[in-house]
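Notes for the structure review
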Amino acid sequence: MRDSTTPWTLVHSWDIAVATAHPTDYESELADAALRMWRARLGSGPRPGAPFDVEQPVPPGASKLDKVAAFLRRKVPTIK
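Residues numbered from 1 in each chain as written. Predicted model: local features only at pLDDT ≥ 70, side-chain atom pairs only at ≥ 80, totals over all residues. Heavy atoms only, no water.

Here we look at the packing of helix 1 (residues 5–19) against helix 2 (residues 28–42)
Heads up, the rule is: In this analysis an axis means a line fitted to C-alpha atoms, helices contributing only their contacting stretch, and an angle means the value between N-to-C directions, from 0 to 180 degrees. Helix numbering and strand numbering both begin at the N terminus, where a helix is a DSSP run of H or I of at least 4 residues and a strand a DSSP run of E of at least 2. Each crossing gets its handedness from the near helix: less than a right angle anticlockwise from the far helix is left-handed, clockwise is right-handed. Whether two residues are in contact is decided by their heavy atoms, any of which lying within 4.5 Å being enough. Nonpolar residues are Ala, Val, Leu, Ile, Met, Phe, Trp, Tyr, Cys and Pro. Charged residues are Asp, Glu, Lys and Arg, and all others, Gly as well, are polar.
Running from N to C, helix 1 and helix 2 point in directions that differ by 115°, and their axes come no closer than 10 Å. Our pair here, helix 1 against helix 2, has a crossing hand that is left-handed. Touching Thr6, Pro7, Trp8, Leu10 and Val11 of helix 1 are Leu30, Ala31, Ala34, Met37 and Trp38, all from helix 2. Class assignment of the residues belonging to the contact of helix 1 with helix 2 gives a composition of 9 nonpolar, 1 polar and no charged.

Rendered as structure tokens:
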């Protein structure tokens, strides 16, 4: 992913979608690319002291964008 603002925009759009009870199952291809970028930058292990310390669990059926959010320490709501 060449543009480093796209992953941030994508994650913040997830924040807004969750806060307003909208679906988060959009932009699958961008979410895949963003997750690859974040994993390359931050690694997949513990990140003590980093702003994105511990990856959060993802409930079954979570979207790809939910997985990006969980990687960045956001709590993904359980799908109802």
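Now that the structure has been shown, the text picks up again.
A few points about helix 1
Heads up, the condition is: By definition here, a helix of n residues has an expected span of 1.5 Å times n minus one. Buried, partly exposed and exposed residues are distinguished by accessible area as a fraction of the type maximum, computed with a 1.4 Å probe on protein chains only: under 20%, between the cut-offs, and over 50%, respectively. Along the arc lie the directions from the helix axis toward the C-beta atoms.
Across its 15 residues, helix 1 extends 21 Å between first and last C-alpha, which sits within 8% of the 21 Å expected from 1.5 Å per residue. Turning to helix 1, its buried residues are Pro7, Leu10, Val11, Trp14 and Ala17. Viewed end-on, helix 1 has its buried residues packed into an arc of 115°, placing them on one side of the element. Residues of helix 1 that are exposed and point over 90 degrees away from its buried face: Thr9, Ile16 and Ala19. Phi turns positive one or two residues past the end of helix 1, at Ala21, with a value near 60°.

Examining the nonpolar core
The test is simple: We define a nonpolar core as any set of buried Ala, Val, Leu, Ile, Met, Phe, Trp, Tyr and Cys residues linked to one another through side-chain atoms lying within 4.5 Å.
In this structure, Trp38, Leu65, Val68 and Leu72 are the most contacted members of the largest nonpolar core, which totals 15 residues. Those elements that place two or more of their residues in this core are helix 1, helix 2 and helix 3 (64–71). Contacts of Trp38, omitting those with residues within four sequence positions, involve Pro7, Trp8, Val11, Gly43, Val68, Phe71 and Leu72.

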